[in-house]
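This is what each chain is made of:
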Amino acid sequence: MKDRYESPLASRYASDDMLHLFSPDMRFETWRRLWVSLAKAQHALGLPVTQEQVDELAAHVSPIDYELVAAKEKELRHDVMAHIYAFGAAAPGAKGIIHLGATSCYVTDNADLVLYRDGLVHLRGELEQVMVQLAGFADRYAALPCLGYTHYQPAQLVTVGKRATLWLQDLMLDLEELNDVIAAIRFLGCRGTTGTEASFMELFHGDTAQIDEMNRMIAADFGFDRLYDVCGQTYPRKLDSRILNVLSSIAQSCYRFANDVRLLQHDRQLEEPFESTQVGSSAMAYKRNPMRCERICSLSRYVMADALNAPMTASTQWFERTLDDSANRRISLPEGFLAVDGILRLMQNVTAGLRVNEKIVAKFVADYLPFIATENLLMAAVERGGDLLVGLAFEPVHAESLLEFGRHLAQRGRETLHQFAFEVKIGIVELLRIVFGELADHAVFDRIARHMVDRLVLDDGEQQRLEGHFGQQRRAVFPDPHQRILHQLLGAGRGDETGGVGAEGFIITAEEHVETFFVPGTQQ
């Protein structure tokens, strides 16, 4: 039976890994591990906690009797106390020292910090995979000319790869911000009801060095080397704003990518993957709707709106704490993670199978090339001032003539070239030379577009490495050396110099793939 609402984020979009991370088991087992760590530190520092009690708690981190928890919470109206009661029932010899000197936020906030940090690290791996695939796409199509658009109107030529670097650069900025947020996360520790550690001042007889050491020990157990210098009862809710902001930033970049693909798919220049058994429409069998990109945009809008929750919560925290943050945070933060996880999974699918219809791309270039070349004509005419290249005299081309050429082209097509050549007294051979030859002679797609792609995608001649947490996986998934590795993915700015997997086979110099575009029929 399915007679209860279930979140589509859980049932349709998020990965099993992310669902497990924000599961009740992970959250409440982390609470219990925090209580074990507190007891262990208190025992080591001489408080009346025995090693046997620590061991008993450690042995009963799982399973959790959720029925008992639910019954006690209904009675006590306090979730943390209900879990303390259930933990004590599982480890009766240690129930008297569970949560000694702590407040509820010791488990709730520190557990959240652990989950959010691990969630961001997981998303970083997902984002990096998208970037690796998109870098390979940009490199493969670095020299394929296509029609550029400004205001969604035909503009100058770019290349398919150059356009992809715009999407890639957005994701690189997101990665930089994501790394900054991960690095900024500190542990709260056990700080008391108002952040003064008053209970521990009593337990440790005013020895603040012992209290600091206890917090350092607990933080180290969970992989943190820094704690907040000051706090109220909670960690600063400004961190939640930073977390949801970076999730929103990733969503914005993915939305931009997916929206561009949707527009290009309308003309069939570019298409998202379409499986052999996939159905495009229940009514129109020929349809190939960009449903993955549409879903990316839909989920991204949700994340961008969700990000408003954290600043509203952070700005309304009263003094040392208020509880109006709790219900909102239980929803807005986990669902933000689940949604971005779903977005990045879709991005991986699309970027892995993005299809370029090169003949259609070439047709758009051919249809608009004479019109695009009006700028080249103007520059060439002004530069020459009436001089000859092929022995035919002509008057300087004026702006009015070019505007007329554009209007005629829009109405009658490329046969206007001959009419234009006649009206301005340019030999048709010379006109074609200016229209087509200038583009090739200036090596637009080699020296500009190719350079821009290489600048973003390659790190010439420099030994690079993949980080250990995703290196082996990337090698298995992307053995093709043409799929470039962005240097931003390779530990830059992360401060980690150990571990990792060598990236031999992924290194390339620009000279290996210098490809110059020449319009058919022109000379190199």
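Residues numbered from 1 in each chain as written. Predicted model: local features only at pLDDT ≥ 70, side-chain atom pairs only at ≥ 80, totals over all residues. Heavy atoms only, no water.

K.L.:
Explain the confidence of the model for the chain to me, and be specific about the residues and the numbers.
P.N.:
On average, residues of the chain score 78 in pLDDT, and 68% of them are at 70 or above. Under a pLDDT of 50 for its full length, residues 385–403 has, in the predicted model, 27 contacts with residues more than four places off or in other chains. Low pLDDT, under 50, characterises residues 436–446; the stretch is placed with 33 contacts to residues that sit more than four places away or in other chains. (pLDDT = per-residue confidence, 0-100. Contact = heavy atoms within 4.5 Å.)

K.L.:
Now, about the packing of aromatic side chains: what can you tell me, with residues and values included?
P.N.:
Any aromatic ring pair is given by two values, namely how distant the centres are and how the planes are angled relative to each other. Under the counting rule described, the total for this entry stands at 12 aromatic pairs. Centre to centre, the rings of Trp35 and Phe87 are 5.9 Å apart; their planes meet at 35 degrees, and the pair counts as tilted. Of this pair, Trp35 sits in helix H3 (residues 24–44) while Phe87 sits in helix H6 (residues 79–90), placing them 52 residues apart in sequence. The exposure class of Phe87 is buried, given its relative accessible area of 0%. Ring pairing ties together the aromatic residues Phe28, Trp31, Trp35, Tyr66 and Phe87, which thus form one cluster. (Phe/Tyr/Trp six-rings, centres within 6.5 Å; stacked < 30°, edge-to-face > 60°. Helix = DSSP H or I, 4+ residues; strand = E, 2+ residues; numbered from the N terminus. Buried < 20%, exposed > 50% of the residue type's maximum accessible area, 1.4 Å probe, protein only.)

K.L.:
Please provide a residue-by-residue account of empty space enclosed by the protein, values included.
P.N.:
Counting across every chain of the model gives 2 cavities of 30 Å³ or more. Each pocket or cavity is described by its volume, and for the largest cavity that value is around 70 Å³. Looking at which element gives the most residues to the lining of the largest cavity, the answer is helix H8 (residues 160–184), with 3 residues. In the lining of the largest cavity, the residues fall into 8 nonpolar, 1 polar and 1 charged. (1 Å grid on protein atoms, 1.4 Å probe; cavity = no way out; pocket = protein on both sides within 12 Å on 5 of 7 lines; lining within 4 Å. Points joined across faces, edges and corners; volume = space filled by probe spheres on them. Nonpolar A, V, L, I, M, F, W, Y, C, P; charged D, E, K, R; others polar.)

K.L.:
Go over the packing of H3 against helix H10 (residues 208–221), please, and point to the residues and values.
P.N.:
Packing of H3 against H10 brings their axes to within 9 Å, and their N-to-C directions diverge by 140 degrees. Judged by the angle between their axes, H3 and H10 are oblique. Crossing angle aside, the handedness with which H3 passes H10 is right-handed. Residues Leu34, Ser37, Leu38, Lys40, Ala41, Gln42 and Ala44 of H3 lie in contact with H10, whose contacting residues are Met214, Met217, Ile218 and Asp221. In the contact of H3 with H10, the residues fall into 7 nonpolar, 2 polar and 2 charged. (Axes fitted to C-alpha atoms, helices over the stretch in contact; angles between N-to-C directions. Parallel < 35°, antiparallel > 145°, perpendicular 65-115°, else oblique. Left-handed = near helix turned anticlockwise from the far one by under 90°.)

K.L.:
Lay out the environment of Cys231 with the relevant residues and their values.
P.N.:
Secondary-structure assignment places Cys231 in the loop between H10 and helix H11 (238–266). In this structure Cys231 comes out as buried when scored by relative accessible area, which is 16%. Those residues in contact with Cys231, other than ones at most four positions away along the chain, are Leu188, Arg191, Thr194 and Gly195.

K.L.:
Run through the packing of helix H5 (residues 66–76) against H6, naming residues and quoting values.
P.N.:
When two helices pack together, you describe them by how their axes are tilted relative to each other and by the distance separating the axes. Viewed as axis vectors pointing N to C, H5 and H6 meet at an angle of 135 degrees, and their least axial separation amounts to 8 Å. Looking at the two axes, H5 sits oblique to H6. The interaxial crossing formed by H5 with H6 has right-handed handedness. Residue-level inspection shows Leu68, Val69, Lys72, Glu73 and Leu76 of H5 in contact with H6, the latter providing Asp79, Met81, Ala82, His83, Tyr85, Ala86 and Ala89. Here the contact of H5 with H6 is built from residues that sort into 8 nonpolar, 1 polar and 3 charged.

K.L.:
Could you give me a rundown of the layout of surface pockets, with the residues and numbers involved?
P.N.:
Empty space among the atoms becomes apparent when a probe as large as a water molecule is rolled across them. Empty space within the largest pocket amounts to approximately 820 Å³. Lining the largest pocket we find 32 residues, and of these Trp31, Asp79, Thr108, Ser326 and Arg330 sit closest to its centre. Listed by contribution, the elements that provide at least two residues to the lining of the largest pocket are H3, H5, H6, helix H7 (104–140) and helix H14 (326–353). Tallied by class, the residues present in the lining of the largest pocket amount to 12 nonpolar, 8 polar and 12 charged.

K.L.:
Explain the pattern of salt bridges residue by residue, including any values.
P.N.:
Across all of its chains, the model carries 19 salt bridges by this definition. For Glu6, the salt bridge identified is with Lys2, shortest N-O distance 3.4 Å. Notably, a salt bridge pairs Arg321 with Asp325, separated by 3.1 Å at the nearest N-O pair. Residue classification places Asp325 among the buried positions, given a relative accessible area of 0%. Each of Arg27, Asp112, Asp240 and Arg329 takes part in salt bridges that share partners, so that together they form one network. (Salt bridge = Lys/Arg side-chain N within 4 Å of Asp/Glu carboxyl O.)

K.L.:
Go over H7, please, and point to the residues and values.
P.N.:
Over its 37 residues, H7 runs 54 Å from end to end, which matches the ideal 54 Å to within 8%, given 1.5 Å per residue. Most of H7 is tucked away, with 32 of its 37 residues classed as buried. (Expected span 1.5 Å × (residues − 1).)

K.L.:
So, the environment of Asp180: which residues are in play, and what are the values?
P.N.:
Structurally, Asp180 is set in helix H8. Residues Asp180 and Val246 lie 66 residues apart in sequence; the distance between their C-alpha atoms is 9.6 Å.

K.L.:
For unusual backbone geometry, give the residues involved together with the corresponding values.
P.N.:
Omega for the bond connecting Ser62 with Pro63 falls within 30 degrees of zero, at 0 degrees, which places this linkage in the cis form. Locating Pro63 in the fold gives a position in the loop between helix H4 (51–59) and H5. Although it is not a glycine, His151 adopts a positive phi angle of roughly 60 degrees. As for its position among the elements, His151 is in the loop between strand E1 (145–150) and strand E2 (153–159). One non-glycine residue with positive phi stands out, namely His205, at about 55 degrees. Note that His205 resides in the loop between helix H9 (198–203) and H10.

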